[in-house]
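The chain contents come next:
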Amino acid sequence: MKPGWKPAHVFTSSEYGYEAIREGVRSLCERFPGEYWRERDRESAYPTAFIDALTEAGYLAALIPEEYGGAGLDLRAACVILEMIQRTGCNGAACHAQMYIMGTLLRHGGEAQKRRYLPRIAAGELRLQAFGVSEPTCGTDTTRIATTAERDGDAYVIHGQKTWISRSEHSDLMLLLARTTPREESAKPTAGMSVFLVDLRNEVGKSVTIRPIETMINHSTTEVFFDGLRVPAANLIGEEGKGFRYILDGLNAERVLIAAECVGDARFFVEHAAGYAKDREVFGRPIGQNQGIQFPIAEAHMKTEAAALMVERAASLFDDGAPCGAEANMAKYLASDASWAAADMCMQTYGGFAFSTEYDIERKFRETRLYQIAPISTNLILSHVATHVLGLPKSF
């Protein structure tokens, strides 16, 4: 259905010069209409053709420096890419991790590691889509992970389990967090953890077991078991024991990029609701003429645009090298809240037709609900702002 109006986007200032990127992504996404995504959804299949197209166009290498074969763009450009993917009705969840995982390797990896992996990732020869942090027994208390990595000569031997690890079946490489020193022997709970770049290609079915987790959305989610996996010591990222800091360093980018996706989702819902409300007639008049329909759409639009401004602020601070932890978290909170509110509004506007798969509303409704929980719960963001921004006593 033709939209009723054309909303603004995350970044519109001419100084950024991202309009060509935006239009390029829009054009690419037009090759993957709703039916493509409905088929993937029905089959719980990975959108390989879509990912290949993004890779070939260079969008997944946006944050890789030019010297390693990438585009050398900033986080604001990556936000434009992901926001537009979502706004067109496509789903960037199958590829977004490569953008934010990349930061750990770029900022803390050695030169030899960068030259070995980044050009091949940029060219699409290797996929870095899996991020191994979460475990079934510790939830968001990352300091209590039980996966261990023990040094054995020129390698580390890894034992343990990760869960809610998306795309591990479709990734050649995994960024893995493991304990190299027991928690009780570390100077502080956040010490003693290390990050490894794991090559999964020859280990799945041997020292690595991947089990899919069936979920309400097609997110390629799995649990992963490590049983004596040997990882070359050369694949240790940075220094042993400092992995928690390295992971945290990349989470700001993750928050901002996911927030940009949520803005794209929200604009998808607002745009489609406005278009439907203009065209759908009941009792001889467009339903959009009724304030009971108008006002929720207008409110969703305002929430979306406000969230977009926070996303822009957080991304700009990140690109300037300024502290942005609070802004990144607030951007993710506000954008995910706006997208979920817009999704609910759109379902209500469409009425019974919203439940029909052909409109793609119910699919996007399910997809955007995830971001109230992942990659960080909204409650944890509220706690972060309360204690780290407002100085209130810690609750845990």
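Just so it is clear, the model here is predicted, and its values are computed rather than measured. (Residues numbered from 1 in each chain as written. Predicted model: local features only at pLDDT ≥ 70, side-chain atom pairs only at ≥ 80, totals over all residues. Heavy atoms only, no water.)

J.: Can you help me understand the overall build of the chain in this one?
T.: Scanning the chain from N- to C-terminus turns up eleven helices and ten strands. Computed over C-alpha atoms, the radius of gyration of the chain comes to 21 Å, within 12% of the 21 Å expected from 2.2 N^0.38 for 396 residues, which places it in the range of a compact globule. Expressed as lengths along the three principal axes of its C-alpha atoms, the size of the chain is roughly 80 × 50 × 45 Å. Per-residue burial for the chain yields a buried fraction of 55% across its 396 residues. Long-range pairs, those at least 24 residues apart, make up 73% of the contacts in the chain between residues at least 6 apart in sequence. (Helix = DSSP H or I, 4+ residues; strand = E, 2+ residues; numbered from the N terminus. Rg over C-alpha atoms; globule rule 2.2 N^0.38 Å. Buried < 20%, exposed > 50% of the residue type's maximum accessible area, 1.4 Å probe, protein only. Contact = heavy atoms within 4.5 Å.)

J.: Please explain the pattern of salt bridges as it appears in this structure.
T.: When charged atoms on two side chains of opposite charge get close, those side chains can pair. Applying the stated criterion across every chain yields a total of 28 salt bridges. Close ionic contact of Lys242 with Glu239 constitutes a salt bridge, the shortest N to O distance being 3.3 Å. Since its relative accessible area comes to 46%, Glu239 is described here as partly exposed. Residue Glu254 pairs with Arg255 through a salt bridge whose shortest N-O separation is 2.8 Å. The residues Glu254 and Arg255 share a single accessibility class, namely buried. When salt bridges with common partners are traced through the structure, they connect Glu35, Arg38, Arg42, Asp360, Arg363 and Glu367 into a single cluster. (Salt bridge = Lys/Arg side-chain N within 4 Å of Asp/Glu carboxyl O.)

J.: Sorry if this is basic, but what is going on with empty space enclosed by the protein here?
T.: Counted under the stated rule, the structure contains two cavities of 30 Å³ or more. Approximately 140 Å³ is the volume attributed to the largest cavity. Around the largest cavity, the lining is made up of 14 residues, and of these Trp37, Pro47, Asn91, Asn218 and His219 lie nearest the centre. Only helix 2 (34-43) and helix 10 (361-369) provide two or more residues apiece to the lining of the largest cavity. Per element, the largest residue contribution to the lining of the largest cavity is three residues, and it comes from helix 2. Of the residues belonging to the lining of the largest cavity, the class tally is five nonpolar, four polar and five charged. Roughly 50 Å³ of volume is contained in the second largest cavity. In this structure, the second largest cavity is lined by Gln86, Asn91, Ala93, Ile217, Asn218, His219, Asp265, Glu367, Thr368, Leu370 and Tyr371. Residue composition of the lining of the second largest cavity, by class: four nonpolar, five polar and two charged. (1 Å grid on protein atoms, 1.4 Å probe; cavity = no way out; pocket = protein on both sides within 12 Å on 5 of 7 lines; lining within 4 Å. Points joined across faces, edges and corners; volume = space filled by probe spheres on them. Nonpolar A, V, L, I, M, F, W, Y, C, P; charged D, E, K, R; others polar.)

J.: How do you make sense of the nonpolar core when you look at a structure like this?
T.: One broad rule of soluble globular proteins: the nonpolar side chains tend to lie buried together. Of all hydrophobic cores here, the largest spans 83 residues; its most connected members are Phe50, Ile85, Met99, Ile121 and Val311. For this core, the leading source of residues is helix 7 (residues 243-279), giving twelve residues. Those residues in contact with Ile121 that lie beyond four places of it in its chain are Ile64, Gln98, Met102, Leu126, Leu128 and Leu173. (Core = buried A, V, L, I, M, F, W, Y, C linked by side-chain atoms within 4.5 Å.)

J.: Looking at this model, I keep getting lost on the packing of helix 1 (residues 19-29) against helix 4 (residues 75-87). Mind explaining?
T.: For any two helices packed against each other, the geometry is given by the interaxial angle and the distance between the axes. Look at helix 1 against helix 4: their axes get within 9 Å of each other, and the N-to-C directions meet at 35 degrees. The handedness of the crossing between helix 1 and helix 4 is right-handed. Between helix 1 and helix 4, the contacting residues are Ile21, Arg22, Val25, Arg26 and Cys29 on the first element and Ala77, Val80, Ile81, Met84, Ile85 and Arg87 on the second. Split into classes, the residues belonging to the contact of helix 1 with helix 4 amount to eight nonpolar, no polar and three charged. (Axes fitted to C-alpha atoms, helices over the stretch in contact; angles between N-to-C directions. Left-handed = near helix turned anticlockwise from the far one by under 90°.)

J.: Is there a simple way to think about the side chain of Ser207 in this case?
T.: Examined against the element boundaries, Ser207 turns out to sit in the loop between strand 5 (193-199) and strand 6 (208-212). Of the polar contacts made by the side chain of Ser207, one reaches the side chain of Glu203; its length is 2.5 Å. Excluding its chain neighbours within four sequence positions, the residues that come into contact with Ser207 are Phe225, Phe226, Asp227, Gly228 and Leu229. (Polar contact = N/O pair within 3.5 Å; in protein donor to acceptor, adjacent residues only side chain to side chain.)

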